[in-house]
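# Observations on chain architecture
Here's the letter readout for the chains.
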Amino acid sequence: MTKKIIIANWKMNPQTADEALRFVQGILAQRLPKNIELIIAPPFVYLDLLKKNCGKKIKLAAQNISWAERGAYTGEISGLMLKNLGCDYVIIGHSERRHIMGETEEIINLKLKAALKVGLTVILAIGEKEQNDDILKILSQQIKSALEGVNVSEISHLIIAYEPVWAIGTGLADTSDNALSAALLIRKIISRLYGQEWASDLPILYGGSVSENNAADFIAQNGINGALVGGASLELQSFIKIIKAAEKNE
Ligand code: PGA
């Protein structure tokens, strides 16, 4: 598996559709590496606009999904709505949703199953809160609870993003060696749950203060399949440099 995945998580930015469109046009004006999967996760309100302007080179991810299928759930967005809009991915379990919005492991599991049911690929974000936490225990727990009731045939629609919470938005990225160890651990956990074959095919990304300066270190690791980028994905020139860092691994 040589294809590297680069995901831009825009969070609650930018504030206007014009800015969102200009950003995507700026990326499309570049010669993009062939061997990467480029995914943008904008706020819901820009998904349709970006879908109409991204062509085939950029795929779209939602940043959230309802666990409910349809009906009286004010303010919620269903998986089918996302799918019908041309969205292929959804981020679930991001630490900001776990820790700021109070999403429990049970909710994450329900959302993950709702996404898989409509054919979305899930980008499951996991990671420890503190630098000295027991990551084996925490990652095992997060993976097991998120994938409760998910069968082996659905695992091909899963990407795991290892995002240590202490590294998100702090400018304090993990080392690429630590990130690689965490990725190996995640593969081991998946292997125990679903078998070796699925584990070796599973894309595992690193996220947490990825920047133009460190992206290549993470992406170059064989056991890491790409990066989930927050802050640096909002600055066009930085993000282009991150994309080009993936090109060097072609
Ligand atoms: P960051 O965010 O790159 O700004 O640390 C990463 C994320 O939240 O996915």
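Notes on the structure in this doc start here.

What counts and how
- Residues numbered from 1 in each chain as written.
- Predicted model: local features only at pLDDT ≥ 70, side-chain atom pairs only at ≥ 80, totals over all residues.
- Heavy atoms only, no water.
- Helix = DSSP H or I, 4+ residues; strand = E, 2+ residues; numbered from the N terminus.
- Buried < 20%, exposed > 50% of the residue type's maximum accessible area, 1.4 Å probe, protein only.
- Contact = heavy atoms within 4.5 Å.
- Near = heavy atom within 4 Å.
- Polar contact = N/O pair within 3.5 Å; in protein donor to acceptor, adjacent residues only side chain to side chain.
- Areas by Shrake-Rupley, 256 points an atom, 1.4 Å probe, with all protein chains shown as cover.
- Nonpolar A, V, L, I, M, F, W, Y, C, P; charged D, E, K, R; others polar.
- Phe/Tyr/Trp six-rings, centres within 6.5 Å; stacked < 30°, edge-to-face > 60°.
- Axes fitted to C-alpha atoms, helices over the stretch in contact; angles between N-to-C directions.
- Parallel < 35°, antiparallel > 145°, perpendicular 65-115°, else oblique.
- Left-handed = near helix turned anticlockwise from the far one by under 90°.
- Patch = residues over 30% accessible without salt bridge, like charges linked within 9 Å, V, L, I, M, F, W, Y side chains within 5 Å.
- Salt bridge = Lys/Arg side-chain N within 4 Å of Asp/Glu carboxyl O.
- Core = buried A, V, L, I, M, F, W, Y, C linked by side-chain atoms within 4.5 Å.

Another point: the environment of Ser191. With respect to the helices, strands and loops of the structure, Ser191 is situated in helix α7 (residues 176-194). The exposure class of Ser191 is buried, given its relative accessible area of 19%. The spatial distance from the C-alpha of Ser191 to the C-alpha of Leu202 is 9.8 Å, given a sequence separation of eleven residues. Leave out the neighbours within four places in its chain, and Ser191 touches Gln196 and Ala199.

The next point concerns the site of the ligand. Looking at the ligand, there are 14 residues lining it, with Lys11, His94, Glu163, Gly169 and Ser209 nearest. Between an oxygen atom of the ligand and a side-chain N or O atom of His94, the distance comes to 2.6 Å. Compared with its free state, where it exposes 280 Å², the ligand has 96% of that area covered by protein. Of the residues in the shell around the ligand, the class split is five nonpolar, seven polar and two charged.

Tallied over the entire structure, the rule returns five aromatic pairs. Ring geometry for Trp10 against Phe23: centres 5.3 Å apart, planes inclined by 80°, an arrangement best described as edge-to-face. In this pair, Trp10 sits in the loop between β1 (4-9) and α1 (17-28) while Phe23 sits in helix α1, placing the two residues 13 residues apart along the sequence. Classification of Trp10 as buried rests on a relative accessible area of 1%. Summarising the aromatic geometry, the rings of Trp67 and Tyr73 are spaced 5.7 Å apart at their centres and angled 70° between planes, so their arrangement reads as edge-to-face.

It is the contact of α1 with helix α2 (residues 44-54), at a shortest axis distance of 10 Å, that shows an interaxial angle of 30°. Between α1 and α2, the crossing angle belongs to the class labelled roughly parallel. Of the two possible hands of crossing, α1 and α2 adopt the one that is right-handed. Between α1 and α2, the contacting residues are Ala17, Ala20, Leu21, Val24 and Leu28 on the first element and Tyr46, Leu49, Leu50, Asn53 and Cys54 on the second. When the residues that make up the contact of α1 with α2 are grouped by side-chain class, the tally is nine nonpolar, one polar and no charged.

Let us now look at a nonpolar patch on the surface. On the surface, Trp67, Tyr73 and Leu110 cluster together to form a nonpolar patch covering roughly 290 Å² of accessible area. Inspection of the secondary structure puts Leu110 in helix α5 (residues 105-117). Given the relative accessible area of 36%, Leu110 is considered partly exposed.

In terms of nonpolar packing, the biggest core is built from 67 residues, with Leu112 and Ile186 touching the most fellow members. If we ignore the near neighbours within four places in the chain, the residues touching Ile186 are Ile126, Leu139, Ile143, Ile160, Tyr162, Leu202 and Ile204. Within the second largest apolar cluster, twelve residues are counted, among which are Ala41, Tyr89, Ile123 and Leu228.

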